Amino acid sequence: MDEKLTYCKILGVNVNVTNMEKTTNYIFENLEKLRGKYICVSNVHTTVMAYEDERYRNIQNDSAMTLPDGKPLSLVSKMRGYKNAERVAGPNLMPEIFKLTQGTDCSHYFYGSTQETISKLEKSLKDTYPNLKIAGMYSPPFRELTEAEDQEIVRTINKSKPAFIWVGLGAPKQEKWMYEHGDKVNGVMIGVGAGFDFLAGTVKRAPRWIQKACLEWFYRLLQDPKRLWKRYVKTNFKFIILITKENKEFKKRKK
């Protein structure tokens, strides 16, 4: 953990107390130091997974930053005295960094998702950010890579010399991939889950008022109930129970 950053421990995960401006300022002020390190964007789902899986929790806590992608995490931080805690969603962080790096030498590599999404993402980025430097894009096969294949993709990424490596493999796969490739690649890795799909237009993101109401999960559930119902309904219920218990313990310690 960087002592300059502020954290709130939520179910064992050190979640940054921050906002979009502080986050982007920290990243750009420390860009060279962050090369080979990774940033997690965490939500209720990943936090509960980390609570139940020590190895995954350690991966989250070994990150350079663990951002509150889900609004409930920033709300918990507020309840615990961090009044300035705000949500920093991965799909919002991406365009912020794209805008700041347009017309500069800071290039971007995109690793993850399907070939269809990657192709649509490339077109969307070129239309929206014509001066953005794209170092490369790669959609890995939906299986474990061989050691030789992995070494080849690392060589390809490093040869393209990206400042940012955006990883869209979904949780917990993307966090594990970033952890395993720490110091192997020369850019700062940021795991953004469905961020590729949102920017590519293959998945529609919830309207802003739904995001503010903490109901983005429900909007996504309606889009893909068969795949997401267990993740959201079961995990959200667990989160409420665990946080209620943890908040009681937190209040006791403060007395």
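My aim in this report is to walk through the structure given alongside it, one point at a time. (Residues numbered from 1 in each chain as written. Predicted model: local features only at pLDDT ≥ 70, side-chain atom pairs only at ≥ 80, totals over all residues. Heavy atoms only, no water.)

Right, let's talk about the overall build of the protein chain for a bit. A count of helices and strands for the protein chain gives 13 helices and 8 strands. In terms of overall dimensions, the protein chain is globule-like: its C-alpha atoms have a radius of gyration of 18 Å, near the 18 Å expected for 255 residues. Sorting the 255 residues of the protein chain into buried and exposed places 51% on the buried side. As displayed, the protein chain offers around 13400 Å² of accessible surface, 52% of which is attributable to carbon and sulfur atoms. One finds the centroid of the 43 positive side-chain charges in the protein chain at a distance of 7 Å from the centroid of its 29 negative side-chain charges. (Helix = DSSP H or I, 4+ residues; strand = E, 2+ residues; numbered from the N terminus. Rg over C-alpha atoms; globule rule 2.2 N^0.38 Å. Buried < 20%, exposed > 50% of the residue type's maximum accessible area, 1.4 Å probe, protein only. Areas by Shrake-Rupley, 256 points an atom, 1.4 Å probe, with all protein chains shown as cover. Lys, Arg positive; Asp, Glu negative; His and termini not counted. Charge placed at Lys NZ, Arg CZ, Asp CG, Glu CD.)

This part takes up the nonpolar core. Core analysis: the biggest nonpolar cluster contains 33 residues, and Phe110, Phe164, Trp166 and Ile190 have the highest contact counts within it. Among the elements that take part in this core, helix H6 (residues 90–101) stands out by supplying 4 residues, more than any other. When near neighbours in sequence (up to four residues on either side) are disregarded, Ile190 contacts Ile39, Leu93, Ile97, Phe164, Ile165, Trp166, Val167 and Met178. Counting residues in hydrophobic clusters, the runner-up holds 17 residues, among them Ile10, Leu11, Leu242 and Ile243. (Core = buried A, V, L, I, M, F, W, Y, C linked by side-chain atoms within 4.5 Å. Contact = heavy atoms within 4.5 Å.)

With that settled, the discussion passes to the pairing of strand E6 (residues 133–138). One ladder, built from 5 bridges, connects strand E5 (residues 107–112) with E6; its direction is parallel. When the sheet's bridge partners are listed, Tyr109 is paired in E6 with Gly136. With helix H7 (residues 115–128) bridging E5 and its parallel neighbour E6, the resulting β-α-β unit is right-handed. (Pairing = 2+ DSSP bridges. Right-handed = clockwise from strand over helix to strand, strands pointing away.)

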